[in-house]
Amino acid sequence: MTARMEFWTSTFREKPLSAFGLVLIVFFILVAGLAPVLAPADRRAYDPYLIPEFGYSPDPLPPSREHPFGTTQEQFDLYYGMVWGTRTAFRVALSVVAVALAAGLLVGGVSGFYGGWLDDLLMRLTDVVLAFPALLLAVVIVAVLGPSLEHVMLSVAAVSWPSYARLLRGEVLALKGREFVLAARGLGASDARILFKHILPNAVYPLLVYASLDVGNIVITAAALSFLGLGAPIGYADWGQLVSLSRNWILGAPGRPFAYWYTILIPGGAIFLFVLGWNLVGDAVRDILDPRSVSR
Amino acid sequence: MLRFIGRRLLFLPLVLFGVTALLFFAVDFLSPEMRAALYVRSPRQTASVEAVIEKYGLRKPLPVQYGVWLREALRGNLGYSETARMPVADAIREFFPATLELAIAAFVPTVVLGVFLGVLSAVFKDRWLDQATRFVAITGYSLPSFVLGLVLLMLFYGKWHLFPPGRCSLAVDLAIHAADFKHPTGLLALDAILDGRWDVFMDVARHLVLPAATLTYINLALLLRVTRSSMLEELGKDYVRTARAKGLPESLVVGRHALRNALMPVITLSSLLFVSLLGGVVITETIFDYPGIGRWTVMAAQELDIPGVVGTTLLASILFVIANLCADLLYAVVDPRLRT
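Predicted, not measured: the structure shown is a model, and the values here were computed from it. (Residues numbered from 1 in each chain as written. Chains lettered and ligands numbered in written order. Predicted model: local features only at pLDDT ≥ 70, side-chain atom pairs only at ≥ 80, totals over all residues. Heavy atoms only, no water.)

J.: I keep staring at helix α5 (residues 116–130) of chain A and nothing clicks. Help me out?
T.: Owing to its 3.6 residues per turn, the α-helix aligns residues three or four sequence positions apart on the same side. The terminal C-alpha atoms of α5 of chain A lie 21 Å apart, and with 15 residues this matches the ideal 21 Å at 1.5 Å per residue to within 8%. Every buried residue belonging to α5 of chain A is among Asp119, Leu122, Met123, Thr126, Asp127, Val128 and Val129 of chain A, and all of these are buried. (Helix = DSSP H or I, 4+ residues; strand = E, 2+ residues; numbered from the N terminus. Expected span 1.5 Å × (residues − 1). Buried < 20%, exposed > 50% of the residue type's maximum accessible area, 1.4 Å probe, protein only.)

J.: Mind showing me how you'd approach the confidence of the model for chain B here?
T.: Detailed conclusions should not be drawn from predicted coordinates in areas where pLDDT is low. Mean pLDDT for chain B: 88, with 97% of residues reaching 70 or above. This complex was scored by the predictor with a pTM of 0.91 and an ipTM of 0.90. (pLDDT = per-residue confidence, 0-100.)

J.: Help me understand the domain arrangement of chain B, please; the structure alone is not making it clear to me.
T.: The figure often quoted for interface size is the accessible area lost as the parts come together. All names here are of chain B. Looking at chain B, the domain boundaries give domain 1 (2–86) and domain 2 (88–339). Between domain 1 and domain 2, the C-alpha centre-to-centre distance is 31 Å. Contacts between the two partners involve 25 residues from domain 1 and, on the opposite side, 28 residues from domain 2. Across the domain 1/domain 2 interface, buried area totals approximately 2,200 Å², and carbon plus sulfur atoms make up 81% of it. Run the count over domain 1 and domain 2 and you get zero salt bridges. Summed over the shared surface of domain 1 and domain 2, the number is six residue pairs in polar contact (both at pLDDT 80 or more). No other element matches helix α1 (residues 2–27), which puts 11 residues into the side of domain 1 that touches domain 2. Within the side of domain 1 that touches domain 2, the residues separate by chemical class into 18 nonpolar, five polar and two charged. (Domains from an automatic or database assignment. Contact = heavy atoms within 4.5 Å. Buried area = accessible area lost by both parts, 1.4 Å probe. Salt bridge = Lys/Arg side-chain N within 4 Å of Asp/Glu carboxyl O. Polar contact = N/O pair within 3.5 Å; in protein donor to acceptor, adjacent residues only side chain to side chain. Nonpolar A, V, L, I, M, F, W, Y, C, P; charged D, E, K, R; others polar.)

J.: Looking at this structure, how should I read the interface of chain B and chain A?
T.: Between chain B and chain A, the contact holds 46 residues from the first and 41 residues from the second. Of the roughly 3,900 Å² buried between chain B and chain A, counting both surfaces, carbon and sulfur atoms make up 83%. Per-residue buried area on chain B facing chain A is highest for Phe146, Leu150 and Met154 of chain B; these three make up 17% of the total on that side. Counting every contact that joins chain B to chain A gives one salt bridge. Measuring nitrogen to oxygen at the nearest pair gives 2.9 Å for the salt bridge that ties Asp283 of chain A to Arg134 of chain B. The tally of links between chain B and chain A comes to four residue pairs in polar contact (both at pLDDT 80 or more). Elements supplying a minimum of two residues to the side of chain B that touches chain A: α1, α6 (128–142), α7 (145–159), α13 (282–287), α14 (293–302) and α15 (306–334) of chain B. No other element matches the 10 residues that α7 of chain B contributes to the side of chain B that touches chain A. A breakdown of the residues in the side of chain B that touches chain A according to their chemical character gives 32 nonpolar, 11 polar and three charged.

J.: I tried to follow a nonpolar patch on the surface on my own but got confused; where do I start?
T.: Residue and element names in this part refer to chain A. Where nonpolar side chains cluster on the molecular surface, the patch consists of Leu22, Val26, Leu30, Leu34, Val37 and Leu38 and spans about 510 Å² of accessible area. Elements with a contribution of two residues or more to the nonpolar patch: α2 (16–33) and α3 (35–38). No other element matches α2, which puts three residues into the nonpolar patch. As for its position among the elements, Val26 is in helix α2. Residue classification places Val26 among the partly exposed residues on the basis of a relative accessible area of 43%. (Patch = residues over 30% accessible without salt bridge, like charges linked within 9 Å, V, L, I, M, F, W, Y side chains within 5 Å. Areas by Shrake-Rupley, 256 points an atom, 1.4 Å probe, with all protein chains shown as cover.)

J.: Teacher, can you tell me more about the packing of helix α11 (residues 238–245) of chain B against helix α12 (residues 250–278) of chain B here?
T.: Between two packed helices, the angle of one axis relative to the other and the distance separating the axes together describe the packing. Residue and element names in this part refer to chain B. Remark: α11 packs on α12, axes separated minimally by 10 Å, with the N-to-C direction vectors making an angle of 160 degrees. Comparing their axes, α12 and α11 come out roughly antiparallel. For α11 against α12, the interelement crossing comes out right-handed. In this structure, α11 contributes Tyr239, Val240, Ala243 and Arg244 to the contact, and α12 contributes Glu250, Val253, His257, Ala258 and Asn261. Of the residues assigned to the contact of α11 with α12, the class counts are five nonpolar, two polar and two charged. (Axes fitted to C-alpha atoms, helices over the stretch in contact; angles between N-to-C directions. Parallel < 35°, antiparallel > 145°, perpendicular 65-115°, else oblique. Left-handed = near helix turned anticlockwise from the far one by under 90°.)

J.: What is the right way to read helix α8 (residues 170–177) of chain B from this model?
T.: Residues and elements named next belong to chain B. Three or more residues of α8 are buried, namely Val172, Ala175 and Ile176. Burial along α8 is one-sided: seen end-on, the buried residues are contained in an arc of 90 degrees. Exposed residues on α8 whose side chains face more than 90 degrees from its buried face are Leu170, Leu174 and His177. Buried-residue contacts for α8 involve α9 (188–194) and α10 (198–235). (Arc of directions from axis to C-beta.)

See the structure below:
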């Protein structure tokens, strides 16, 4: 075992909570990966992400042999929705991080590398985007583009990229004057080659750490938009959407206040555990990479 | 000091220009017919959409349109909101006091608890209290407000009937719209006290508990952790050691010396927190059916009421920009080093 790996394992051993976070993430990865096995879609299904409907009763039904997590209003199977919703959660998180990372790399890289008026312009642009409350700007973008899951991802990416760009710009600025960059320039390398081959590979690491810390935020924002009815259509396997289906039922039935507990606690609990997992792991990653915060 | 303030003030119009331009650009994706409502003053005008489009040049190039829109906005014409059933400017006046009331009800406990627990967990670092606040913080980060809000409603309204949603109950709603109830401030709880109506006050307070508690829990995490780490940093500094070496009591060292310096980042964070609460707590207001700016924004977004969406977002972003400015200026007042 290398020293580096030992350092990582010892950190997780000393922080049992973060190890728990890792377990949560691994669990969700397994569920997402095995979704077709855990909840096989109907062969005739048009899209496996559409939750099958069982009957037309408007009331949710409690967990049973056929529906282990019960059903939502209008009889969407909660178990199926939860399993495939895990895939949706990863898809949203990864797409948003990928887009925000790409935009951050481009804007932050160019801004830090060239400086001057271009830097000023791009950084003022990030100022402007950051001057909006993130969720509200995302709501505007989805409202204009029309409700759909793709637009939710796009809007969340549109409000997240400035932080990535600023972080990368700082890294690029710090690296620009280093010897290996000057050496490459001395050897006659082009700007693009210096930026993409020499600077970015060295600057991207902190960005990835930030991304791991950001995943929880992204998933909450996207779920909130879905919850507000601005995301996937009803019946699509999406946790935020499933929580919104519980809104009419949280008061329970007369005399049985918790009659429909499963409609809120199951999808809501999944979002919580998913985000908790990422936040706990992000916490450990930050401690590992930031030697100043080591307090032991 | 003056140069610092001057530079910040010069920067303000630039950011405001950027904010309005970005917002206008985002809406420009829609057809002129859909954007016409941004200029309409009353629903009767919608009969002749073409005339509105013609009058405000909605088919002209973007910069021209932006100029016209900005001129109208500065005159106070932000269009007619279909969901609020009134002009946007009136709707903001109508909904803003409710949001302000909720913001205050959530802000005070958040800051008091956040600073108090943050300081305590720095002083008792790695003891059980620190671990407990760490748990509060990490669950607060991870719990979406719509899940927490719904679970609270399930318990405190569905089960115990203690704290209902909405802003006030029906009887009180009638009472406050009666002629003898005065609205000097627009904040219902405060008005009720000024009018000596304790029944109204109790009812309004009961409706505020759950949304305020939800917002407090969600926002507490950040404030608590920032206070804690800022406090830890100050407690490790030389002047604290000097103060201790002088034999000052620990309460004085922590409360007088360290806390004052540790509060800097807390000030910025709290001013931004307050404004983000004012800008519309979109989710929480929606869940608790609280008639404020945030719930209106959501209704507008769901029904493609563009003037409503643009109006609320504009309000929130301008408040945000101003709060940032105030935080910077406050910084300069608190920290003499920044004045040069």
